[in-house]
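Here is how the chains run, residue by residue.
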Amino acid sequence: MSTTSRKAADAAPGRRRPGRRRGSLGVQNAAGWLFSTPFLVLFAVFMAFPIVATLLMSFTDFGLGNVTRPLDARFIGFENYTRLFGDERFLKSLFNTAYFVVVGVPLTIGLGLLVAVLLNNGIDRARTFFRVGFYAPVVTSIVAVAVVWRFVLDPSDGLIAGLASEVGLTAPDFLGSEALAMPSLIAMAVWRNLGTVMVLFIAGLQAIPTEVREAARLDGVGPWQELRRITVPLLRPTLLYASVITTIGYLNVFEEPFVMTQGGPSDSTLTVSLNMYREGFNFFHMGYASAMAYVLFVVIMGITVLQLRLLKDNTR
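The structure displayed is predicted, hence computed values, not measured ones. (Residues numbered from 1 in each chain as written. Predicted model: local features only at pLDDT ≥ 70, side-chain atom pairs only at ≥ 80, totals over all residues. Heavy atoms only, no water.)

Comments concerning the overall build of the protein
Then, in step 1: Across its full length, the protein carries 14 helices and 0 strands.
Then, in step 2: For the protein, the succession of helices and strands along the chain, N to C, is α-α-α-α-α-α-α-α-α-α-α-α-α-α.
Then, in step 3: Counting across all 316 residues of the protein, residues that qualify as buried make up 35%.
Then, in step 4: Within the protein, residue pairs in contact and separated by at least 24 positions form 67% of the contacts whose partners lie at least 6 positions apart.
Then, in step 5: For the protein, the accessible surface area stands at approximately 19300 Å², while carbon and sulfur atoms represent 66% of it. (Helix = DSSP H or I, 4+ residues; strand = E, 2+ residues; numbered from the N terminus. Buried < 20%, exposed > 50% of the residue type's maximum accessible area, 1.4 Å probe, protein only. Contact = heavy atoms within 4.5 Å. Areas by Shrake-Rupley, 256 points an atom, 1.4 Å probe, with all protein chains shown as cover.)

Looking at helix α10 (residues 223–234)
Then, in step 1: Given a rise of 1.5 Å per residue, 12 residues ought to cover 16 Å, and the 15 Å separating the end C-alpha atoms of α10 matches this to within 8%.
Then, in step 2: When α10 is considered as a whole, its buried residues turn out to be E226, I230 and T231. The buried residues of α10 occupy an angular sector of 85° when the element is viewed end-on, so they sit on one face. Away from the buried face of α10 by more than 90 degrees, exposed residues W224 and R229 are located.
Then, in step 3: Next to the buried residues of α10 lie α8 (181–206) and α9 (210–218). (Expected span 1.5 Å × (residues − 1). Arc of directions from axis to C-beta.)

As for the nonpolar core
A general tendency of soluble globular proteins is for nonpolar side chains to be buried together.
Then, in step 1: Counting residues in each nonpolar core, the largest one holds 49 residues, and the members touching the most others are L84, F100, I109, F201, Y250 and M260.
Then, in step 2: Elements with a minimum of two residues in this core: α3 (79–84), α4 (88–122), α6 (142–153), α8, α11 (236–251) and α14 (286–312).
Then, in step 3: No other element matches the 12 residues that α8 contributes to this core.
Then, in step 4: Excluding residues within four positions of it along the chain, F100 makes contact with V105, M182, L185, I186, A189, Y250 and V253. (Core = buried A, V, L, I, M, F, W, Y, C linked by side-chain atoms within 4.5 Å.)

Some remarks on the packing of α6 against α8
Then, in step 1: The contact between α6 and α8 brings their axes to 11 Å, and the two run at 130°. Relative to α8, the element α6 is oriented oblique. Of the two possible hands of crossing, α6 and α8 adopt the one that is right-handed. Side by side, α6 and α8 meet where I142, V145, A146, W149 and L153 of the first sit next to S184, A187, M188, W191 and R192 of the second. (Axes fitted to C-alpha atoms, helices over the stretch in contact; angles between N-to-C directions. Parallel < 35°, antiparallel > 145°, perpendicular 65-115°, else oblique. Left-handed = near helix turned anticlockwise from the far one by under 90°.)

Section: the packing of aromatic side chains
Then, in step 1: Scanning all chains against the criterion turns up 12 aromatic pairs.
Then, in step 2: Ring geometry for Y277 and F281: centres 5.6 Å apart, planes at 35°, overall tilted. Within this pair, Y277 and its partner F281 are both found in helix α13 (residues 272–282), separated by 4 residues, close to a single helical turn.
Then, in step 3: Residue class for Y277 comes out partly exposed when judged on its relative accessible area of 29%.
Then, in step 4: Residue classification places F281 among the exposed residues on the basis of a relative accessible area of 55%.
Then, in step 5: Aromatic rings pair up to connect F254, F258, Y277 and F281 into one cluster. (Phe/Tyr/Trp six-rings, centres within 6.5 Å; stacked < 30°, edge-to-face > 60°.)

Comments concerning the environment of V299
Then, in step 1: Position of V299 relative to the elements: it lies in helix α14.
Then, in step 2: When the C-alpha atoms of V299 and I248 are compared, they prove to be 9.8 Å apart, with 51 residues separating the residues in sequence.

Some points on unusual backbone geometry
Then, in step 1: That bond from G264 to P265 is cis: its omega, -5°, falls within 30 degrees of zero.
Then, in step 2: Following the sequence through the fold, P265 ends up in the loop between α12 (255–260) and α13.
Then, in step 3: Notably, Q262 is not glycine yet its phi reads approximately 55°, a positive angle.
Then, in step 4: Secondary-structure assignment places Q262 in the loop between α12 and α13.
Then, in step 5: On the basis of relative accessible area, Q262 is assigned to the partly exposed category, the value being 41%.
Then, in step 6: A positive phi angle is found at S266, which is not glycine, with a value near 55°.
Then, in step 7: Along the chain, S266 turns up in the loop between α12 and α13.

This is the structure in structure tokens:
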């Protein structure tokens with residue numbers, strides 16, 4: 001090919017030289033990294049560094065005296081971790097957290113699905129009003145929620161106490177009883193998180209083809225059979241996601257016992273997160289609290305992997 005014809009080919013529309021293409025990609029990559037830099041810096045400073053620092057602290061006796069001299073903390077290996085499983089308070093908090101999850105997650109998922117089905121099919125009027133009403137607690141401050149629930153559950157001047165006195169009964173001390181304190185917190189958590197699960201299920205229900213339901217109804221399938229044999233199987237991906245995020249949130253439960261009961265009475269509502277907060281910021285046993293954090297992290301990871309494996313084949 002002559003020099004003239006090579007220049008003409010290079011100048012043809014749609015024809016670019018390899019050097020120019022590589023240069024353009026380099027500029028794009030540089031621009032991408034430039035725009036990502038603020039996020040990367042924030043992530044490194046406020047996420048990555050604390051995660052690594054907490055992991056290192058869990059192998060030391062880091063305490064209040066090491067805040068200004070962190071390098072003076074003594075390395076003690078796995079002593080914090082072995083100490084945890086001999087700590088009755090930690091085992092109690094682990095049991096309370098498991099109780100909160102085992103009871104709270106099924107209730108939240110079940111009621112969320114029920115409300116979503118009713119709002120999607122059974123309620124025709126004021127549907128938007130009901131959706132907003134059920135979702136409102138999700139965006140409400142935990143302090144406001146706690147104030148309302150403490151008024152409702154107060155044994156002397158609360159709403160339930162007032163209603164009970166009208167019929168000659170005495171309301172129990174919900175938050176002061178070891179047997180009722182945790183169920184009361186679970187009820188509050190379910191009420192507060194119901195809206196999130198409801199929104200997820202409504203989105204999943206609206207993605208189900210109407211032809212499938214119409215064909216089932218023509219075959220004489222009743223509402224319960226339709227829910228059990230058609231709706232729930234087609235909602236398995238949504239069910240998996242809702243279960244995972246709800247379980248993770250409930251394993252990290254902190255605000256409800258911190259605001260409502262401070263872990264009482266007699267540690268009956270003490271959760272792992274609240275126990276970790278006490279050890280780290282009340283008693284300044286930061287190395288020990290860091291070990292708690294990583295035990296909770298391993299538990300969350302294990303349960304999440306188990307949930308994904310149990311529902312993996314059903315979501316294909």
